[in-house]
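# Structure at a glance
The primary structure of each chain is shown beneath.
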Amino acid sequence: MHSRCVFALALAGCGDAGSGATDAATNADAAAPCTPAPGWADAPPLIRGAAQETATVAVDGKIYVLGGFDDALAVLDTVQIFDPEMCVWSAGPALPRAVHHANAAVVNGTIYITGALETLGFTAVGYVWRWTPATESTWTELAPMPAGTERGSAVAGAIGTTIYLAGGLRGDPVALVSAYETSTATWDTSLPSLPAPRDHGCGGVVGDTLFITGGRAGAIASTTGSVLAYTPGGAWETRAPMPTARGGTACGVIDDRIYVVGGEGNDAVASGVFAESEAYVATEDRWEVLADMTVPRHGMGAAATGRALYVPGGATRQGFGAVATHQVFTP
């Protein structure tokens, strides 16, 4: 009989869950559900081991971690899937190529990757891939992004069937904003640019508006706390700034709040990593300060499902330093 697995502070995981196995094998407590406790709690670590600069999305109640770097600086083509209900990780179909800093979004149960970075040279690529976990066993390669718009580390968000990409990295930060209409596989590159180039920010969609929080203008020290909002058909608007300016953060949306956690560029600590967690209340244009991360990290993605924010992977020191740590924040 399997014991019930409850997330709690300092809990190493659910039995042998996520022990670093390299197969898609189930974990020891595969049948045990997980119940997140309020605040920050430990969850089973990534099944494939350390990973940072990943993309992370939620589909049908599961968390998907895409690509990234491992702790040996190898670029990954892995897809790692966490099922909160069963408290177990598994492996999905590999990406067509190994990438990091991928721009990922979900439309009607389908995961789209629209641009990324390749190799340790951080080469910008315009690959467009899609995968519907409920019905497909492999990724489908689509026509690439328009020449000159390839980039990774953009803020990506879906409004209806359209994916919006804001900013990103292509050698240097860019201010470019473009949109991919998934129903017709067409691009619009005529959208209003950001007020200034920005990469390594994060954000999300609330209602019909895309929000960008923080990021930087290239160097780690060039962080910003500015918040921008864009509603299709309009212009970029400035909103209340973040309490803590930082880049390399992770974001997830629950109701009208965008949760922003971690980041790098912190001169106050030796690791250079931020523990801060803050939430932007989009409907009221204000920020809330939350409990600090118990394992501060940067370079990870985050995604929300079941009214909890899942934050797998990342690095515990500025720059490279990937870990398999996985934590969940429950408001």
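Reference entry: report on the structure contained in this document. (Residues numbered from 1 in each chain as written. Predicted model: local features only at pLDDT ≥ 70, side-chain atom pairs only at ≥ 80, totals over all residues. Heavy atoms only, no water.)

### Regarding the overall build of the protein chain
So the rule is basically this: Strands here mean DSSP runs of E at least two residues long; helices mean DSSP runs of H or I at least four residues long; both are numbered from the N terminus. Note on method: radius of gyration uses C-alpha positions; expected globular size equals 2.2 Å times residues raised to 0.38. Residue burial is assigned from relative accessible area. The probe radius is 1.4 Å, only protein chains are included, and a residue is buried under 20% of its type maximum, exposed over 50%, and partly exposed in between. Every residue pair with non-hydrogen atoms within 4.5 Å of one another is taken to be in contact. In short, Shrake-Rupley with a 1.4 Å probe defines the accessible areas, and a residue's cover is counted only from the protein chains shown. Working convention for charge: Lys and Arg count positive, Asp and Glu count negative, and His plus the chain ends are omitted. Taken as the charge location is NZ of Lys, CZ of Arg, CG of Asp or CD of Glu.
Across its full length, the protein chain holds 0 helices and 28 strands. Computed over C-alpha atoms, the radius of gyration of the protein chain comes to 18 Å, within 12% of the 20 Å expected from 2.2 N^0.38 for 331 residues, which places it in the range of a compact globule. For the protein chain, with 331 residues in total, the buried portion stands at 56%. Sequence separation of at least 24 residues holds for 52% of the intrachain contacts in the protein chain that already meet a minimum separation of 6. Split by element, the accessible area of the protein chain, about 12,300 Å² in all, is 52% carbon and sulfur. One way to put it: in the protein chain the 16 positive side-chain charges average out to a point 2 Å from where the 31 negative ones average out.

### Structural notes on the state of the cysteines
So the rule is basically this: To count as a disulfide, a pair of cysteine sulfur atoms needs to be within 2.5 Å.
Following the criterion strictly, the structure yields 1 disulfide and no others. What pairs with Cys-202 in a disulfide is Cys-251, and their sulfur atoms sit 1.9 Å apart. Of note, the bridge from Cys-202 to Cys-251 carries an S-S torsion of about 50° and is right-handed in sense. Residue Cys-202 is located in strand β18 (residues 202-206), and its partner Cys-251 is located in strand β22 (residues 250-254); the two are separated by 49 residues in the primary sequence. The class of Cys-202 is buried, set by a relative accessible area of 8%.

### Let's talk about a nonpolar patch on the surface
Rules: Distance thresholds for patches are 9 Å for like charges and 5 Å for nonpolar side chains (Val, Leu, Ile, Met, Phe, Trp, Tyr), applied to residues having over 30% relative accessible area and no salt bridge. Whenever a carboxyl oxygen of Asp or Glu lies within 4 Å of a side-chain nitrogen of Lys or Arg, that contact is scored as a salt bridge.
Judged by side-chain polarity, Leu-73, Leu-120 and Phe-320 come together as a nonpolar surface patch covering roughly 240 Å² of accessible area. You can see Phe-320 is positioned in the loop between β27 (308-312) and β28 (326-330). Overall, the relative accessible area of 30% leaves Phe-320 in the partly exposed class.

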